[in-house]
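Per-entry structural report
If you want the building blocks of each chain, they are given just below.
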Amino acid sequence: EADGTCNYCNDALKAKDNVYFPDENGKHQLEEMISRIKQDGIGKKYDCMMGISGGLDSAYVAFLGHKYNLRVLLLHIDDGFNSSVTNKNITRISEAFGFDLIVRRPDPARYNDLVKSFILAGVPDITSLQDSVLFSILYRVAVENKINYFLSGFNFSLESITQTGMDFTDMVQIKDIHRKYGKVALNRNLGLFSILDKRVKYGLFHKIKSLKPLFYLDFNAKSALQELRDACGYESIGNKHCESVLTKFLQSYYLPVKFNIDKRKSHYSSMIVSGQMTREEAVNNLTVPLYEVCQMAKDIDFVLSKIGMTLDEFNYIMEEPPRQHSEFRTSYINIVTGKILQTRKKILGY
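Residues numbered from 1 in each chain as written. Predicted model: local features only at pLDDT ≥ 70, side-chain atom pairs only at ≥ 80, totals over all residues. Heavy atoms only, no water.

Some thoughts on a nonpolar patch on the surface
- On the surface, L196, V200 and L204 cluster together into a nonpolar patch covering about 280 Å² of accessible area.
- Of note, L204 is situated in helix α8 (residues 195–205).
- Judged by its relative accessible area of 59%, L204 falls in the exposed class. (Patch = residues over 30% accessible without salt bridge, like charges linked within 9 Å, V, L, I, M, F, W, Y side chains within 5 Å. Areas by Shrake-Rupley, 256 points an atom, 1.4 Å probe, with all protein chains shown as cover. Salt bridge = Lys/Arg side-chain N within 4 Å of Asp/Glu carboxyl O. Helix = DSSP H or I, 4+ residues; strand = E, 2+ residues; numbered from the N terminus. Buried < 20%, exposed > 50% of the residue type's maximum accessible area, 1.4 Å probe, protein only.)

Encoded structure:
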């Protein structure tokens, strides 16, 4: 903005009091949400389900489910890029809280070929495939188990600020990029997610709703981590979204080097808006290197070996001009939804 402030932060600050309720009002709304979930779960094996990544946000939602005595079905998508700590955390959460856990593994040849396709395309969000596969399986499992509620780990306090041009969970675009750069044929078994399925098939017909409980409590990263340690022996994964080596590679190397994007700025800004960090602390934290050189070399080698790409090929791609998701096909409903969300943001400030 003209005064030197960030438009993302200004929008989040305007929206804060309308969407984030870390007080008694929020507690009351959360308890009403839990009551609705339990009422709907009468006569069923599960009250609700959730995707569990092993990261702090989803882990804490699982902890809330345990705290409120919900019967939660956990679903984890193991795409082969988990860190060892992630696998331990997911097991600890399931066992300590007594939740059933389903682990699904996408076809590695097809999945890794898609990851490679996105890197070859040179677009920023190469991990959108993870969400596409997750949601595809999540909704199908929900229908199979007659579950009407998802618990989402999305939250305001740590995620109120995200850059535009990311989060393209769009099956039309995934297929377009694969058509141009992929080598391994896709099939139904991989499981990609259509926004049309979400809105019509699962939203209107099956009436499945996604709920965000972390909007209704004081979700503080430091205290949440300590509660999880005490409850199930949870181990910190380091920076946000580093439960996956692929996501760590994206945030710590691919985005900063190719796009000059440091995701820590978004994460720290969100924490400033929610009162968990001062601007001075954030600026100081940004002086810490994004990665340790030897470890990142190992992570890059791990990712490249999984997707079948040589280091020379990768370095060549990293030197090419960056591209945006808008250069590839996008489903019409995603375009319309995007325009609706932009209008909503102008009206509500968020």
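Focus on the pairing of strand β3 (residues 100–104)
- Where strand β2 (residues 72–77) and β3 come together, 5 bridges link them in parallel fashion. Note that in β3 the partner of L75 across the bridge is I102.
- For the handedness criterion, the β-α-β arrangement of β2, helix α4 (residues 84–97) and β3 is classed as right-handed. (Pairing = 2+ DSSP bridges. Right-handed = clockwise from strand over helix to strand, strands pointing away.)

Describing the packing of aromatic side chains
- Taken as a whole and assessed by the stated rule, the structure comprises 15 aromatic pairs.
- Each ring, one from F63 and one from F97, has its centre 6.0 Å from the other, and the planes form 50 degrees; the classification is tilted. Linking F63 in helix α3 (residues 56–67) with F97 in helix α4, this pair joins segments that are 34 residues apart in sequence.
- Taking the relative accessible area as the measure of exposure, F63 reaches 11% and is therefore buried.
- Feature note: the residues F249, Y253, Y254, F259, Y291 and F314 constitute an aromatic cluster, connected by ring pairs.
- If you follow K306 out to its NZ or CZ, it ends over the ring of F81, 5.6 Å from the centre. (Phe/Tyr/Trp six-rings, centres within 6.5 Å; stacked < 30°, edge-to-face > 60°. Lys NZ or Arg CZ within 6 Å of the ring centre and 35° of its normal.)

Thoughts on the nonpolar core
- Counting 51 residues, the largest nonpolar core has L56, Y60, I93 and Y234 as the members making the most contacts within it.
- The element best represented in this core is α3, accounting for 7 residues.
- Apart from the residues within four sequence positions on either side, L56 is in contact with L158, F219, A221, A224, L225, L228 and Y234. (Core = buried A, V, L, I, M, F, W, Y, C linked by side-chain atoms within 4.5 Å. Contact = heavy atoms within 4.5 Å.)

Looking at helix α13 (residues 293–307)
- Relative to the 21 Å expected for 15 residues at 1.5 Å per residue, α13 spans 21 Å between its end C-alpha atoms, a close match to the ideal helical length.
- When we look at burial in α13, the residues that qualify are M296, D299, I300, V303, L304 and I307. The buried residues of α13 occupy an angular sector of 130 degrees when projected down its axis, which confines them to one face. Residues of α13 that are exposed and point over 90 degrees away from its buried face: C294, K298, D301 and S305.
- Residues of α13 that are buried in the fold lie against α5 (108–121), α10 (245–259) and α14 (311–319).
- G308 sits one or two positions beyond α13 and adopts a positive phi of about 75 degrees. (Expected span 1.5 Å × (residues − 1). Arc of directions from axis to C-beta.)

Brief notes about unusual backbone geometry
- Within the chain, N69 stands out as a residue other than glycine whose phi angle is a positive 60 degrees.
- Examined against the element boundaries, N69 turns out to sit in the loop between α3 and β2.
- Given the relative accessible area of 61%, N69 is considered exposed.
- A positive phi angle, near 55 degrees, is found at K207, a position not held by glycine.
- In this fold, K207 is placed in the loop between α8 and β5 (209–211).

Some points on the pattern of salt bridges
- Using the criterion set out here, one finds 10 salt bridges in the structure.
- Of the charged contacts in the structure, one is a salt bridge between D299 and K248, with a shortest N-O distance of 3.0 Å. Taken together, the residues span a long stretch of sequence, with D299 in helix α13 and K248 in helix α10 at a distance of 51 residues.
- Take D299: its relative accessible area is 7%, and that puts it in the buried class.
- Take K248: its relative accessible area is 24%, and that puts it in the partly exposed class.
- Through salt bridges with shared partners, a single network forms among D176, R179 and K180.

Considerations on a negative patch on the surface
- Taken together, D23, E24, E31 and E32 make up a surface patch of like negative charges.
- Turning to its location among the elements, D23 is positioned in the loop between α1 (7–19) and α2 (24–40).
- Look at D23 and you get partly exposed, because its relative accessible area is 41%. (Lys, Arg positive; Asp, Glu negative; His and termini not counted. Charge placed at Lys NZ, Arg CZ, Asp CG, Glu CD.)

Considerations on the packing of α10 against α13
- At a closest axis distance of 10 Å, the pairing of α10 and α13 adopts a crossing angle of 125 degrees. Relative to α13, the element α10 is oriented oblique. Here α10 and α13 pass one another in a crossing that is left-handed. Residues V245, L246, K248, F249, S252 and Y253 of α10 form the contact with α13, whose participating residues are Q295, M296, D299, I300, F302 and V303.
- Among the residues making up the contact of α10 with α13, the classes are represented as 8 nonpolar, 2 polar and 2 charged. (Axes fitted to C-alpha atoms, helices over the stretch in contact; angles between N-to-C directions. Parallel < 35°, antiparallel > 145°, perpendicular 65-115°, else oblique. Left-handed = near helix turned anticlockwise from the far one by under 90°. Nonpolar A, V, L, I, M, F, W, Y, C, P; charged D, E, K, R; others polar.)

A short note on the side chain of S274
- Looking at where S274 falls in the secondary structure, it is placed in the loop between α11 (263–273) and α12 (279–285).
- Polar side-chain contacts of S274 include one of 2.8 Å to the backbone oxygen of S157. (Polar contact = N/O pair within 3.5 Å; in protein donor to acceptor, adjacent residues only side chain to side chain.)

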